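# Architecture at a glance
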Amino acid sequence: MEKTTDQPGPRLPALDAAVGLSAAERTSVDRLLADAEAHGVDVELVSRGPAQSLEEAAATIGVEPRQIVKTLVARAKVTQTARDHTYVLALIPGDRQVDWATLRRLAGMKKMSMTAPEEAVEATGYRPGTITPFGAAAADGTRWPIYADESISGRIAMGAGAPGLSLFVDSATLFAAYDVVTADITRSPQRT
């Protein structure tokens, strides 16, 4: 596992080689690091291999499944009939599911749903599986409100802007720097 807390500099070329970042992926990681630095948040990037499950992914990076935090992009409408929409980011522990009704009410929206993958890219600049609040913005620079489940605490892992990478950060530092709204916005996964 290759680790770095450096901003773009000497250790990231080694990380690039370990992960095999393309030029576009490197640009995404650089955007993430610049945004974290601008907000005064220390992050740690870790290269990791592929995983077939949440449990396998957690074991690969040495955390509990609940410590892997998914960044979901939701499309929201203020009214049922409005054509215009906005987005919100939801930070959800890996072992939980978003409670859409609760998130919708908390955000003050009439309608809310998960975005399609290409829409998530448009809203954040990151592909699904790599989405992170760091540097997440539309092409015009618009940033979206961030909501997090209140159960998230301590050191967490999340998307890092490129495949093959995880980002570690202190959740309290992230929440304070990005004005994250915390509430009980999840539920246990449905068992089939």
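The structure this text deals with has already been given above.
Our subject in this report is the structure included herewith. Quick caveat: nothing in here was measured; it's all calculated off a predicted structure.

Before going further, it helps to spend a moment on the overall build of the protein chain. On a plain count of helices and strands, the protein chain comes out with six helices and 11 strands. When the 192 residues of the protein chain are sorted by exposure, 45% land in the buried category. Contacts spanning at least 24 positions in sequence make up 68% of the contacts within the protein chain whose residues lie at least 6 apart. By element, 50% of the accessible surface of the protein chain is carried by carbon and sulfur atoms, the whole surface being about 9,400 Å².

What follows deals with unusual backbone geometry. Notably, Asp-179 is not glycine yet its phi reads approximately 50 degrees, a positive angle. As for its placement among the helices and strands, Asp-179 is situated in the loop between helix H6 (171–177) and strand E10 (181–183).

A separate point is the packing of aromatic side chains. If you walk through the whole model with that rule in mind, you get two aromatic pairs. Between the aromatic rings of Tyr-87 and Trp-144, the centroid separation amounts to 5.1 Å while the plane-to-plane angle is 70 degrees, which identifies the pairing as edge-to-face. Here Trp-144 lies in the loop between helix H5 (117–124) and strand E7 (146–149) and Tyr-87 lies in strand E4 (residues 86–93), a separation of 57 residues in the sequence. Here Tyr-87 matches Trp-144 in class, with each residue buried. When the centroid spacing of 5.3 Å and the interplanar angle of 85 degrees are considered together, the rings of Phe-134 and Tyr-178 count as edge-to-face. With Phe-134 in the loop between H5 and E7 and Tyr-178 in the loop between H6 and E10, this pair connects stretches of sequence that are 44 residues apart. Phe-134 gets classed as buried once you look at its relative accessible area, which sits at 0%. Here Tyr-178 falls in the buried class, since its relative accessible area comes to 11%.

Cut-offs and rules
- Residues numbered from 1 in each chain as written.
- Predicted model: local features only at pLDDT ≥ 70, side-chain atom pairs only at ≥ 80, totals over all residues.
- Heavy atoms only, no water.
- Helix = DSSP H or I, 4+ residues; strand = E, 2+ residues; numbered from the N terminus.
- Buried < 20%, exposed > 50% of the residue type's maximum accessible area, 1.4 Å probe, protein only.
- Contact = heavy atoms within 4.5 Å.
- Areas by Shrake-Rupley, 256 points an atom, 1.4 Å probe, with all protein chains shown as cover.
- Phe/Tyr/Trp six-rings, centres within 6.5 Å; stacked < 30°, edge-to-face > 60°.

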